[in-house]
Amino acid sequence: MKRILLTGFEPFHEYKINSSWSLVDSFENTMSDLECIKLRLPVEFKAVSNLVPEILKQYQPDIVLAFGQCTGDSIRIERVALNLDDARIADNSGYTPIDKPIHDDGKNAYFSTLPIKCIQQAIADKNIPAIISNSAGTYVCNHLFYELLYWCDKLSLPTKIGFVHLPHLPEQVIGTQNPSMSLQQMQIALHEIIKIL
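Note that the structure is predicted; figures quoted are calculated from it, not measured.

Conventions used here
- Residues numbered from 1 in each chain as written.
- Predicted model: local features only at pLDDT ≥ 70, side-chain atom pairs only at ≥ 80, totals over all residues.
- Heavy atoms only, no water.
- Helix = DSSP H or I, 4+ residues; strand = E, 2+ residues; numbered from the N terminus.
- Rg over C-alpha atoms; globule rule 2.2 N^0.38 Å.
- Buried < 20%, exposed > 50% of the residue type's maximum accessible area, 1.4 Å probe, protein only.
- Contact = heavy atoms within 4.5 Å.
- Areas by Shrake-Rupley, 256 points an atom, 1.4 Å probe, with all protein chains shown as cover.
- Lys, Arg positive; Asp, Glu negative; His and termini not counted.
- Charge placed at Lys NZ, Arg CZ, Asp CG, Glu CD.
- Phe/Tyr/Trp six-rings, centres within 6.5 Å; stacked < 30°, edge-to-face > 60°.
- 1 Å grid on protein atoms, 1.4 Å probe; cavity = no way out; pocket = protein on both sides within 12 Å on 5 of 7 lines; lining within 4 Å.
- Points joined across faces, edges and corners; volume = space filled by probe spheres on them.
- Nonpolar A, V, L, I, M, F, W, Y, C, P; charged D, E, K, R; others polar.
- Polar contact = N/O pair within 3.5 Å; in protein donor to acceptor, adjacent residues only side chain to side chain.
- Pairing = 2+ DSSP bridges.

A tally of helices and strands in the chain yields five helices and eight strands. The order of helices and strands in the chain, counted from the N terminus, is β-α-β-α-β-β-β-β-α-β-α-β-α. The C-alpha atoms of the chain give a radius of gyration of 16 Å, which matches the 16 Å a tight globule of 197 residues would have. Summarising its shape, the C-alpha atoms of the chain cover approximately 45 × 40 × 25 Å along the three principal directions. Looking at the chain as a whole, 50% of its 197 residues qualify as buried. Contacts in the chain between residues at least 24 apart in sequence constitute 79% of all its contacts with a sequence separation of at least 6. For the chain, the exposed surface amounts to about 9,400 Å²; the carbon and sulfur share of it is 49%. Seen as two clouds, the 17 positive and the 22 negative side-chain charges of the chain have centres 4 Å apart.

Along the polypeptide, Gln 120 turns up in helix H3 (residues 116–124). Those residues within four positions of Gln 120 in sequence are excluded, and the remaining contacts are Ile 77, Ala 130, Ile 131 and Ile 132.

A full pass over the atoms with the stated rule returns eight aromatic pairs. Here Phe 45 and Tyr 139 contribute two aromatic rings whose centre-to-centre distance is 5.6 Å and whose plane-to-plane angle is 90 degrees, an arrangement assigned as edge-to-face. With Phe 45 in helix H2 (residues 45–59) and Tyr 139 in the loop between strand E7 (130–133) and helix H4 (140–154), the pair connects residues that are 94 residues apart, well separated along the chain. Overall, the relative accessible area of 16% leaves Tyr 139 in the buried class.

A few words on the layout of surface pockets. Roughly 440 Å³ of volume is contained in the largest pocket. Around the largest pocket, the lining is made up of 25 residues, and of these Phe 12, Gln 69, Cys 70, Arg 88 and Tyr 139 lie nearest the centre. Residue assignment for the lining of the largest pocket shows that the elements contributing at least two residues are strand E3 (63–69) and H4. Here the lining of the largest pocket is composed, by residue class, of eleven nonpolar, ten polar and four charged.

Looking at the element boundaries, Asn 29 is found in the loop between helix H1 (19–26) and strand E2 (34–41). Overall, Asn 29 belongs to the partly exposed group, its relative accessible area being 32%. With 19 residues separating them in the primary sequence, Asn 29 and Val 48 have C-alpha atoms 26 Å apart. Among residues more than four places away in sequence, those in contact with Asn 29 are Leu 34, Glu 35 and Cys 36. A distance of 3.0 Å separates a polar atom in the side chain of Asn 29 from the backbone nitrogen of Met 31. Polar side-chain contacts of Asn 29 include one of 2.6 Å to the backbone oxygen of Leu 34.

Right, let's get into the pairing of strand E4 (residues 75–78). What you see with E4 is no split at all: Ile 75 and Ile 77 on one side and Arg 76 and Glu 78 on the other are buried throughout. With four bridges joining them, E4 and E7 adopt parallel strand pairing. Residue pairing for E7: Arg 76 is matched across the bridge by Ile 131. With two bridges joining them, E4 and strand E8 (residues 160–166) adopt antiparallel strand pairing. Bridge assignment links Ile 77 to a residue of E8, and that residue is Val 164.

The structure is reproduced here in structure tokens:
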């Protein structure tokens, strides 16, 4: 049986909800050969650094599929995590790192170990906008992605790691012209990803 860890983030900045946790929290596992663990993570650089090695050791997942929220009209399958924290806004603890490496002994970048092209195609085949992204930013999403890959490398873990950015939900963009995507479409995309994995 495969064990998959799904993570989403708590709300941050001016947002009352976070589409990443809305998706993860709503996921219902219907596969008998899959064990699913769901975790809601803080939008805090230092807390994520402390949590990641403990999470990997405690749950020993075969796959970690992490989700974050970003502005856009497509699901973004992230290719690369950078060894860089550079925040334009403070995290939920008030911390604002500028041009800081995440790990002095880490690689400049790590790449997703999931089949990102297959994932993108499977989602697109359901008529849901999905793209490969070559930048997960330099905020807590990238930080989490990098920490997961860094610790799998350092601990020689076989865990497969991937990160996906989600658009806002419709209720998050009321009164603006920002794009959004329905939770139902995100749920379909998540099921397609898990079928591939």
